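So the chains spell out like this:
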Amino acid sequence: NAGKGRGRLRIYRVIFEHEGVFIHSSTEELDDQDSLISGFLRIVDKDGDVVVEYKPLEDTVDPSNMLCACKDSSSVVEWTQRPHRSVDQQLSYETEWDMVNAVSFKRKAHTNGGSNHLHERNKRSFSFNVADLRSVTVKCEGWSYLIFCLRDDTTLPAIHFHQGGSQAFLDSLRKSVQLSESPDDENLLLVGTYSKAFSQSFENLLDDTNYGLVQKFKKDPYTTTFGGFSKVTNYFFDAFRPSESECQQRPAEEMADILGELIPGLEINQQEEPGFEVITRIDLGTRPEVQRREPVLLENWAKHQDSEGRLSNVPHLKHLIFKGGLCHAVRKEAWKFLLGYYPWDSTHEDRKTLQKRKTDEYFRMKLQWKSVSEEQEKRNSRLRDYKSLIEKDVNRTDRTNKFYEGLDNPGLILLHDILMTYCMYDFDLGYVQGMSDLLSPILYVMENEVDAFWCFVSFMDQMHENFEEQMQGMKTQLIQLSTLLRLLDLAFWNYLEAQDSGYLYFCFRWLLIRFKRELHFQDVLRLWEVMWTGLPCQNFHLLVCCAILDSEKQKIMDRHYGFNEILKHINELSMKLDIEEILIKSEAIYMQIKNCKDLPHSVSEILGLNTVTDSSTLETSEYGVLESPQSSPRPAHRQDQAFSNGHGLLQETSRNRCKVAFIS
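An unreviewed UniProt entry lists the chain under the name TBC1 domain family member 15, from Pygocentrus nattereri. You can read under Function (unreviewed entry) in the UniProt record for the chain the words "Acts as a GTPase activating protein for RAB7A. Does not act on RAB4, RAB5 or RAB6."

Participant: So what exactly am I meant to see when it comes to the pairing of strand β7 (residues 133-140) here?
Facilitator: Within a regular beta strand, the side chains point alternately toward one face of the sheet and then the other, so they alternate between its two faces. For β7 and strand β8 (residues 144-150), the ladder comprises 7 bridges, and the chain directions are antiparallel. Following the sheet pairing, Leu133 is matched in β8 by Leu150.

Participant: Whenever I open this one, the pattern of salt bridges confuses me. Can you help?
Facilitator: Opposite charge on two side chains allows them to pair when their charged atoms are near. Scanning all chains against the criterion turns up 32 salt bridges. Measuring nitrogen to oxygen at the nearest pair gives 3.2 Å for the salt bridge that ties Lys516 to Asp437. Taken as a pair, Lys516 in the loop between α21 (508-512) and α22 (521-531) and Asp437 in helix α17 (residues 435-446) lie far apart in primary sequence, 79 residues in all. Each member of the pair, Lys516 as well as Asp437, is classed as buried.

Participant: How do you make sense of the packing of aromatic side chains when you look at a structure like this?
Facilitator: The geometry of an aromatic ring pair is captured by two quantities: the separation of the ring centres and the angle between the planes. Counted according to the given criterion, the structure contains 29 aromatic pairs. Considering the side-chain rings of Phe337 and Trp344, the 5.4 Å spacing of their centres and the 35 degrees angle between planes classify their relative orientation as tilted. Its relative accessible area of 8% is what places Trp344 among the buried residues. Sitting over the ring of Phe40, Arg42 keeps its end group 5.5 Å from the ring centre. The side chain of Lys358 reaches across the aromatic face of Trp454, ending 4.0 Å from its centre.

Participant: Got a minute to help me understand the environment of Leu583 in this structure?
Facilitator: Inspection of the secondary structure puts Leu583 in helix α25 (residues 579-594). Look at Leu583 and you get buried, because its relative accessible area is 2%. Apart from the residues lying within four places of it in its own chain, the contact partners of Leu583 are Arg292, Arg526, Leu527, Val530 and Phe540.

Participant: How should the packing of helix α16 (residues 410-425) against helix α18 (residues 449-467) be read in this particular structure?
Facilitator: The description of two helices packed together rests on the angle between their axes and the distance between the axes. Close contact between α16 and α18 brings their axes to 10 Å; oriented N to C, the two are set at 55 degrees. Taken together, the axis directions place α16 and α18 in an arrangement best described as oblique. The way α16 lies across α18 gives a crossing that is right-handed. Mapping the contact onto sequence places Leu414, Asp417, Ile418, Leu419, Thr421, Tyr422 and Tyr425 in α16 and Glu449, Ala452, Phe453, Trp454, Phe456, Val457, Met460 and His464 in α18. Class assignment for the residues of the contact of α16 with α18 results in 11 nonpolar, 2 polar and 2 charged.

Participant: Any chance you could explain the nonpolar core here in plain terms?
Facilitator: Generally speaking, a soluble globular protein has its nonpolar side chains buried in company with each other. If you look at the biggest cluster of nonpolar residues, it comprises 126 residues, and the most contacted ones within it are Trp301, Ile442 and Phe467. The element contributing the most residues to this core is α18, with 11 residues. Val21, Ile23, Phe128 and Ile159 belong to the second-largest nonpolar core, a separate cluster that totals 27 residues.

Definitions and cut-offs
- Residues numbered from 1 in each chain as written.
- Predicted model: local features only at pLDDT ≥ 70, side-chain atom pairs only at ≥ 80, totals over all residues.
- Heavy atoms only, no water.
- UniProt positions renumbered as here; feature names shortened; annotations may be inferred.
- Pairing = 2+ DSSP bridges.
- Helix = DSSP H or I, 4+ residues; strand = E, 2+ residues; numbered from the N terminus.
- Salt bridge = Lys/Arg side-chain N within 4 Å of Asp/Glu carboxyl O.
- Buried < 20%, exposed > 50% of the residue type's maximum accessible area, 1.4 Å probe, protein only.
- Phe/Tyr/Trp six-rings, centres within 6.5 Å; stacked < 30°, edge-to-face > 60°.
- Lys NZ or Arg CZ within 6 Å of the ring centre and 35° of its normal.
- Contact = heavy atoms within 4.5 Å.
- Axes fitted to C-alpha atoms, helices over the stretch in contact; angles between N-to-C directions.
- Parallel < 35°, antiparallel > 145°, perpendicular 65-115°, else oblique.
- Left-handed = near helix turned anticlockwise from the far one by under 90°.
- Nonpolar A, V, L, I, M, F, W, Y, C, P; charged D, E, K, R; others polar.
- Core = buried A, V, L, I, M, F, W, Y, C linked by side-chain atoms within 4.5 Å.

Put into structure tokens, the structure is as follows:
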């Protein structure tokens, strides 16, 4: 149960704990102290399963449960000193920080916790997974008491809060499930899946590549929603739409409500309003043929450096990387430039000085979380949450890759330490599931903790909005992708819309972690370095999405795939995509759009074509697109969005919100 043999850490985290909660053994003798059984009420996250537990006081000192409360009741993982191990020979300037690196995991055995409703040791003890909870009855008789009813019709003993705490318990429970008042009984709270979980966690899109069926969702809606890519969209549509026999197509008003539930803050307006620019359907012309080139070799890279290490003719070098990528021997150095860690015009000495300064800065931040005492950590719930989530994700990130496989792998330790240190760098964001997927290829290439961290920081500057609680980056990209797809193939987009798939939710994982789970590991390296050139336009990754959909559209339409079949088909493309074919088609789509004489302004904005900028601070690429030598740390969110429907494209500029307009 401890997971030691499988090489996985099981994490127990106490979300809520309250002592002095009573069960009345006799409902007729409430004043008789012998009829009151006092105990602990807890909500515990057991490696992703949220469980409510009640134990009488005489049961709480149970040796089998001691590990949950050992030193830190929020975790069964402890740190222990060991001789320093490194992935690569660290540079000499890091030796002074070796003490900070001397850390490893120590796994401790623990019980699985179980999910039986009533424990054999005491019939007054109980525990249940919150996914099995159907309703909570809340009543007051001078004090509050709660009655839990499970989905299998089991009614558990009432628990009485003579010393208060019922509201705090319900507030904590709401973090895992949605509680809504029954329309028929004001004392009855009905339990449903908590929709905010979608915006706060991305495990539902990252956990596996298997297609989730509705039956598993019905049995355990909360944890199933977090179990796989397709399950999350199944959840939202199964929850709101009638059966196929009752309704073949949902009206726009209802679809608007669903979208609002899925992406909070996005308003859908079904009425045509003044101020929209209606653009007629456009003939894009023939799609040109393009060719890829060979990867940039070490000698090609060296030719672009002068004697002091400065890189020359950077636009041409970026063009070569865009057309062919990099051979692996070049990546360790080139990625530092592509990601903005090294300035393109820096010398060898400049980079040594920068690396020394960045090393000191990194280990100072690392020391911040390393030096947190157990007592401090008990009073820092956010740090505990970040740590727990990182430990959980690290143990399942790219474990089939030799760099991360096996037990006590030093690559996993570095992955963990970099993500924990990033929490110190950006404590507001901290750690969100999916970020380990973005770090893994970078650490694999760098083979150095410090360099990997700062390259990861630069990548996160580009991806930051994807992981923020409001998901502003994801909202924008889904809308922009829909706009591009409607321009490129209106018939296909109309087909998707007729199947309730016009919002392209099945592309969510593609956008969130830049195709990390869709491509083989080496293909991910190729795609990312191509995209980091900034060529041939901004938001090139959206054209990559369009290229994949363009290759699959005929199969989807010819086979008359419906909503579920589309999800299943797209999900099963994982690890079956040819990166070179995708890049060829993506570039061809760009050239087709760029050659259009009457391109809508909205599309030009998305792709950054004909951007009016101060030319003194920009370089001109071989594609005629202005590009910045160094991207800004966090690109400002563009508020101008473009939309379209079956009759044309619509655009509205809004300062505070995005609107989608449907016109008949």
